[in-house]
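A look at the structure
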Amino acid sequence: MSPGLYDYLLAQAEPPDPVQQQLLDTTRALGGVAEMQIPHEQSVFLSLLTRISGARTVVEVGTFTGYSTLAFARALPPGGTVITCDVSAEWTDIARRAWQAAGVADRVELRLGPAQDTLRRLPEEPWIDLVFLDADKPGYRTYWDLLVPRVRPGGLLLCDNVLYGGEAADPGRTGNADAIHRFNQHVRADSRVESVLLPVADGLTLARKLPAPPVPPTESRSGATP
């Protein structure tokens, strides 16, 4: 995408408000790690999906400085909650200040610690409306397998960086790019969901949890189906 075309794309989205712009500027000042923040146009898309889906409970893996969390929290109805998982107190302190400034801190539950441990402690029944994965790439498959059973039928799972700068499609891929490629294959083969990979930002997988298949009728003792 050319710079001119990208500028045109940005012009079609609601621009950042003062709180968002402050968070963008604060994150940019961190240097190279700022690339972990989702772009603004993607945050607009996340908010839109949250509203369209009617989500009330969001689980996010990977908080960083909280830009995506802010997008979800602002789009939730009263009483909605974002449970967001991260391991960095330093970066999430920036996030906390932004959530407070935006007036949505009461909608966010930050859980510090390894995400695998946090997710395993969540209730096992299907109760989550929307999931967003944007954390360590080798961990995606584990997070996915822990979360899919906990998502309600019709709920959404969103996974970021699934193109990994185009490297996921490179036959010579290694490291994170190879982990993402393997994860994409895993999602594509998962019969519990229907999914599409969208060329949004660095690639965004959008998946919908399918209803459970009907239970076949129990055979009678004679072997005949009642």
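Predicted model only: the values in this text are computed from it and were never measured.

Pairing is possible between side chains of opposite charge, provided their charged atoms come close. According to the stated counting rule, one finds eleven salt bridges in the structure shown. Between Asp129 and Arg152 there is a salt bridge; the shortest N-O distance is 2.6 Å. A residue pair is termed long-range when its members are at least 10 positions apart, and Asp129 in strand β4 (residues 128-133) and Arg152 in strand β5 (residues 151-160) qualify at 23 residues. The partly exposed category is assigned to Arg152, whose relative accessible area is 24%. Between Asp178 and Arg182 there is a salt bridge; the shortest N-O distance is 2.9 Å. Of the two residues, Asp178 and Arg182 both sit in helix α8 (residues 175-188), four residues apart, roughly one turn of that helix. On the basis of relative accessibility, which here comes to 53%, the residue Arg182 falls in the exposed class. When salt bridges that share partners are traced, they join Arg141, Asp145, Asp190 and Arg192 into one network.

A word on the environment of Ala207. Summarising the element assignment, Ala207 is placed in strand β7 (residues 204-209). Sequence separation between Ala207 and Gln100 is 107 residues; the distance between their C-alpha atoms is 31 Å. Residue contacts for Ala207: discarding those within four places in its chain leaves Trp144, Gly155, Leu156, Leu157, Val193, Glu194 and Ser195.

Time to look at the packing of helix α2 (residues 18-28) against helix α4 (residues 67-75). Taken N-terminus to C-terminus, the directions of α2 and α4 make an angle of 165 degrees; their axes are 11 Å apart at the nearest point. With respect to their mutual orientation, α2 and α4 come out roughly antiparallel. As for how α2 packs across α4, the hand of that crossing is right-handed. Across from Val19, Gln20, Leu23 and Leu24 in α2, the residues of α4 making contact are Tyr67, Leu70 and Arg74.

Definitions and cut-offs
Residues numbered from 1 in each chain as written. Predicted model: local features only at pLDDT ≥ 70, side-chain atom pairs only at ≥ 80, totals over all residues. Heavy atoms only, no water. Salt bridge = Lys/Arg side-chain N within 4 Å of Asp/Glu carboxyl O. Helix = DSSP H or I, 4+ residues; strand = E, 2+ residues; numbered from the N terminus. Buried < 20%, exposed > 50% of the residue type's maximum accessible area, 1.4 Å probe, protein only. Contact = heavy atoms within 4.5 Å. Axes fitted to C-alpha atoms, helices over the stretch in contact; angles between N-to-C directions. Parallel < 35°, antiparallel > 145°, perpendicular 65-115°, else oblique. Left-handed = near helix turned anticlockwise from the far one by under 90°.

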